Amino acid sequence: MQKIIGFGFLVVLVAVLVAVAGWQRGISSPMVTPEPSPLVTLEPDLKKHNIPVVAAQIEGIEAPRVEPMRLMADVAALAGERYEEEERQLARKYIISQLRSAGWEPQQQEFEEGMNIYADRPGADPQAGAILVGAHYDTVALSPGADDNATGVAAVLEIARLLGKQETARGLRVAFFDSEEVGLFGSMEFAATPELTQDLRGVIIADMLGYACHTAGCQSYPVGIPAFSDKGDFLAAIGDTEHLPLLQAFQGEFPGTPPVFSLPVPFKGMLAPDTMRSDHAPFWYQNMGAVLLTDTANFRNPHYHEPTDITTSLDRPFFFGAVQLMVNGTTALLGSTESLVTPELPPTMPVN
Ligand SMILES: [Zn+2]
């Protein structure tokens with residue numbers, strides 16, 4: 001997960017200009033109640049949008065169960081600084097060897113700032129397109145990045161192992177992005193490559209899935225985002241409002257999985273820069289539906305980007321449950337051929 005810098009500033013500037021314009025309107029007509037921020041009035045409960053539940057459409061397909069020992073083996077193998085080229089090369093070797101063991105043929109996408117690794121398994125229905133599941137493998141300097149983002153890499157590897165040989169309607173593509181921490185370079189390169197994206201129906205990004213806190217007040221929120229709980233024991237799913245069925249695939253409670261805070265974000269996150277800090281954002285900007293699954297990073301985890309982001313800082317039951325939720329949602333999306341674009345509500349339907 002990135003720190004807010006760079007283009008975040010531009011977004012803040014735009015937000016300030018919008019706020020100032022609104023304030024000036026208020027001055028000229030003081031009786032007018034100012035419009036609330038669209039983010040504050042968001043309805044996180046997608047059921048009220050009357051959108052079909054994707055998971056319900058795949059009766060008969062049961063999501064496979066994650067193997068906790070394998071997940072911890074991945075995190076243990078990866079946790080260690082992955083900042084310099086030689087360090088990132090070691091991580092690539094591990095990812096490639098795990099993909100090959102699971103029967104995949106990994107490919108490399110080289111670009112100026114690094115190298116992405118990806119692999120593809122076609123679906124049974126060529127018209128149904130593919131789902132991309134991805135995570136970044138680099139770290140900031142001086143942090144072992146157990147949570148950020150060895151947990152996300154382990155989750156994508158586990159999906160490659162569990163769903164690599166299953167026959168599903170949609171194809172499955174997995175990707176491991178480089179140079180996220182220095183500017184989302186890997187995912188920007190991937191998202192801008194038509195041969196790798198033109199058949200995609202949805203993108204699922206895992207960035208930090210392994211930290212939880214269980215005391216009141218340990219969870220904080222960016223300005224403009226409604227609070228879900230004051231404890232940090234939930235998984236956040238952040239999606240674009242143009243593709244609500246994609247976001248909805250990650251809802252639902254299952255034994256052993258954490259509650260999910262589903263946050264539909266309008267205007268590709270322009271009003272909330274904190275919702276754009278990971279590899280899903282470049283896909284949003286290429287007009288693709290994308291969901292970020294995260295433990296909310298620095299809004300919960302005191303080890304964020306610190307030397308203490310180590311394996312023993314993780315909350316293992318939370319991590320395993322979060323990956324299971326990701327597997328459940330991915331299984332549903334692969335089995336379905338339904339559109340993942342938000343349907344237009346019929347004009348006669350009440351707004352709420
Ligand atoms: Zn990070």
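Residues numbered from 1 in each chain as written. Predicted model: local features only at pLDDT ≥ 70, side-chain atom pairs only at ≥ 80, totals over all residues. Heavy atoms only, no water.

**Q** Tell me what's going on with the coordination of the zinc ion, and back it up with residues and numbers.
**A** Here the zinc ion is held by the protein donor atoms M1 (N), M1 (O), D148 (OD), E181 (OE), E181 (OE) and H305 (NE2), which lie 1.9 to 2.6 Å from it. Relative to the metal, the six donor atoms surrounding the zinc ion lie at angles of 54 to 160 degrees, and the coordination shape comes out irregular. Positions of the donor residues of the zinc ion, expressed as sequence spacing, correspond to M-x146-D-x32-E-x123-H. Highlighted residues: D148 in helix α4 (residues 146-163) and H305 in the loop between β8 (290-294) and α9 (316-335), separated in sequence by 157 residues. Neither residue differs from the other here; D148 and H305 are each classed as buried. (Donors = N, O, S within 2.8 Å, 3.2 Å for Na, K, Ca; no water. Tetrahedral: all angles 85-135°; square planar, octahedral: opposite > 155°, others 65-115°. Helix = DSSP H or I, 4+ residues; strand = E, 2+ residues; numbered from the N terminus. Buried < 20%, exposed > 50% of the residue type's maximum accessible area, 1.4 Å probe, protein only.)

**Q** Tell me about the pattern of salt bridges, residues and numbers included.
**A** Think of it this way: side chains of opposite charge can pair up when their charged atoms draw near. All chains considered together, the criterion is met by ten salt bridges. In this structure, D178 engages R88 in a salt bridge whose closest nitrogen and oxygen atoms are separated by 2.8 Å. With a gap of 90 residues between them, D178 in the loop between β4 (171-177) and α5 (185-191) and R88 in helix α3 (residues 85-101) connect regions that are remote in the sequence. Between E158 and R161 there is a salt bridge, with the nearest N and O atoms lying 3.0 Å from each other. (Salt bridge = Lys/Arg side-chain N within 4 Å of Asp/Glu carboxyl O.)

**Q** Break down helix α2 (residues 68-78) for me, citing the residues and quoting the values.
**A** The set of residues buried in α2 consists of L71, M72, D74, V75 and L78. Each buried residue of α2 sits inside an arc of 155 degrees when the element is viewed along its axis, so together they form one side. (Arc of directions from axis to C-beta.)

**Q** Before we move on, could you go through α9 and cite the residues and values that matter?
**A** The end-to-end C-alpha separation of α9 is 29 Å, in line with the 28 Å expected for 20 residues at 1.5 Å each. A large share of α9 lies buried, amounting to 17 of its 20 residues. (Expected span 1.5 Å × (residues − 1).)

**Q** Before we move on, could you go through the packing of aromatic side chains and cite the residues and values that matter?
**A** Enumeration according to the criterion identifies ten aromatic pairs in this entry. Ring geometry for F177 and F283: centres 6.2 Å apart, planes at 45 degrees, overall tilted. Here F177, found in strand β4, pairs with F283, found in helix α8 (residues 281-284); they are 106 residues apart in sequence, far enough to count as distant. Take F177: its relative accessible area is 0%, and that puts it in the buried class. With centroids separated by 4.9 Å and ring planes inclined at 65 degrees, the aromatic side chains of F228 and F234 adopt a geometry described as edge-to-face. Given the relative accessible area of 38%, F228 is considered partly exposed. Over the aromatic face of F234 sits the side chain of R300, whose NZ or CZ is 4.7 Å from the ring centroid. (Phe/Tyr/Trp six-rings, centres within 6.5 Å; stacked < 30°, edge-to-face > 60°. Lys NZ or Arg CZ within 6 Å of the ring centre and 35° of its normal.)

**Q** Residues and numbers for the state of the cysteines, please.
**A** Counted by the stated rule, this structure contains one disulfide. Disulfide pairing places C213 opposite C218 at an S-S distance of 2.1 Å. Taking the torsion about the S-S bond as the criterion, the C213 to C218 disulfide, at about 85 degrees, is right-handed. Judged by relative accessible area, which is 9%, C213 ranks as buried. (Disulfide = S-S within 2.5 Å.)

**Q** With reference to specific residues and values, describe the pairing of strand β2 (residues 114-121).
**A** Among the eight residues of β2, seven are classified as buried, and the element is accordingly described as predominantly covered. Strand direction decides the pairing type here: strand β1 (residues 107-111) and β2, joined by five bridges, are antiparallel. Looking across to β2, one finds that Q108 is bridged to I117. A loop of two residues connects β1 with β2, the two strands running antiparallel in sequence. (Pairing = 2+ DSSP bridges.)

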